[in-house]
Amino acid sequence: MDDIDFAKELAAVESSVKSAHKRLDDMNKLIESIRDVATEIKYLRDDVNKLSADIENVKNRPAKFWDKLVGAIVGAFATGLVGAGLALILK
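These notes cover the structure that comes with them. Please read these numbers as outputs of a predicted model, since none were measured by experiment.

### Things to note about the environment of Ala 87
As for its placement among the helices and strands, Ala 87 is situated in helix H1 (residues 3-90). Classification of Ala 87 by relative accessible area gives partly exposed; the value is 46%. Each C-alpha atom of the pair Ala 87 and Ser 19 lies 101 Å from the other, and the pair is 68 residues apart in sequence.

### Things to note about the pattern of salt bridges
One pass over the full model with this rule turns up 3 salt bridges. Asp 26 is the salt-bridge partner of Lys 22, the closest N and O atoms lying 3.6 Å from each other. Taken together, the residues span about one helical turn, with Lys 22 and Asp 26 both in helix H1 at a distance of 4 residues. With its nearest N and O atoms 2.6 Å apart, the salt bridge here joins Glu 32 to Arg 35. Residue Glu 32 and its partner Arg 35 are both found in helix H1; the two are separated by 3 residues, about one turn of the helix. You can call Arg 35 partly exposed: its relative accessible area is 47%.

### Focus on H1
Across its 88 residues, H1 extends 127 Å between first and last C-alpha, which sits within 8% of the 130 Å expected from 1.5 Å per residue. Where H1 bends most, at Asn 60, the angle is about 35°, and the proline Pro 62 comes one to four residues later.

### Here's the deal with a negative patch on the surface
Taken together, Asp 2, Asp 3, Asp 5 and Glu 9 make up a surface patch of like negative charges. By the secondary structure assignment, Asp 5 is in helix H1.

Each value, and the rule that gives it
Residues numbered from 1 in each chain as written. Predicted model: local features only at pLDDT ≥ 70, side-chain atom pairs only at ≥ 80, totals over all residues. Heavy atoms only, no water. Helix = DSSP H or I, 4+ residues; strand = E, 2+ residues; numbered from the N terminus. Buried < 20%, exposed > 50% of the residue type's maximum accessible area, 1.4 Å probe, protein only. Salt bridge = Lys/Arg side-chain N within 4 Å of Asp/Glu carboxyl O. Expected span 1.5 Å × (residues − 1). Bend = angle between axes of the 7 residues up to and from the residue. Patch = residues over 30% accessible without salt bridge, like charges linked within 9 Å, V, L, I, M, F, W, Y side chains within 5 Å. Areas by Shrake-Rupley, 256 points an atom, 1.4 Å probe, with all protein chains shown as cover. Lys, Arg positive; Asp, Glu negative; His and termini not counted. Charge placed at Lys NZ, Arg CZ, Asp CG, Glu CD.

Structure below.
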């Protein structure tokens, strides 16, 4: 192999190396972008979990209200019975 062929081969190898470095740089940029997206998804998942808990609380409000109402009615009925019983006893 003479010097001219060696220089051509060396130029081809340098070109290939430069191309590989450019692709690696592009891949590093892509990796950074993916890392940013993953971070955003993590925060989005946290927000969705908080919203799910809030929605669950809103869904349970009518049941809590109904439980309080039934408790108040039972309490009023028991108080009425006790009052009626005392009224009959004290008559």
